Amino acid sequence: MNPLPFPVGQKVICINGTFAETVFEDFRRVPEEGKVYTIHEVLWGFDLLNRETALGVRLTEFPPIVPGWGGFCLWRFRLLEDEKILRQRQRKAQVTQPKTAPQHEPLVLA
């Protein structure tokens, strides 16, 4: 069992693609919301937004300008497998929802 929440090599989907301008001091490009990326490394770092130590990732698709420097906060991503499972559950819920009977005028019984 891997103790890391997101294993190296795992595909992730970006769920928060809003970044401060300071990120471009370390990266030429940043992840976009809804796009899939590959985890290259999991590391501890300083979250500039929350001003505290946080778990982060380096992505294969976004090498830092200075090698070994910079990463993205883990909370910005969701495992792609989790996203697939979430969509499957939503589709299943739509299929299994009871269909409501068509609305008719009340029947008059004699």
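Parameters at a glance
- Residues numbered from 1 in each chain as written.
- Predicted model: local features only at pLDDT ≥ 70, side-chain atom pairs only at ≥ 80, totals over all residues.
- Heavy atoms only, no water.
- Salt bridge = Lys/Arg side-chain N within 4 Å of Asp/Glu carboxyl O.
- Pairing = 2+ DSSP bridges.
- Helix = DSSP H or I, 4+ residues; strand = E, 2+ residues; numbered from the N terminus.
- Phe/Tyr/Trp six-rings, centres within 6.5 Å; stacked < 30°, edge-to-face > 60°.
- Buried < 20%, exposed > 50% of the residue type's maximum accessible area, 1.4 Å probe, protein only.
- Lys NZ or Arg CZ within 6 Å of the ring centre and 35° of its normal.

**Brief notes about the pattern of salt bridges**
In the structure shown here, the tally under the stated rule is two salt bridges. For Glu32, the salt bridge goes to Lys35, with nearest N and O atoms at 3.5 Å.

**Comments concerning the sheet that holds strand S1 (residues 11-14)**
In space, the five strands of this open sheet follow the order S4-S3-S2-S1-S5, with antiparallel pairing throughout. Because the sheet does not close on itself, it has two edges, and the strands there are strand S4 (72-73) and strand S5 (77-79). The sheet contact formed by strand S2 (residues 36-47) and strand S3 (residues 52-59) spans eight bridges and is antiparallel. When the bridges of S3 are listed, Gly45 appears paired with Ala54.

**Quick notes on the packing of aromatic side chains**
Enumeration over the complete set of coordinates arrives at four aromatic pairs. Geometrically, the ring pair formed by Phe19 and Phe72 is edge-to-face, given 5.6 Å between the ring centres and 70° between the ring planes. Pair noted here: Phe19 is in the loop between S1 and S2 and Phe72 is in strand S4, with a separation of 53 residues, a long-range link. Considered together, Phe19 and Phe72 belong to a single accessibility category, that of buried residues. The ring of Phe19 is capped by Arg76, whose NZ or CZ atom sits 4.0 Å from the centre of that ring.

Just distances and angles here, no functional claims.
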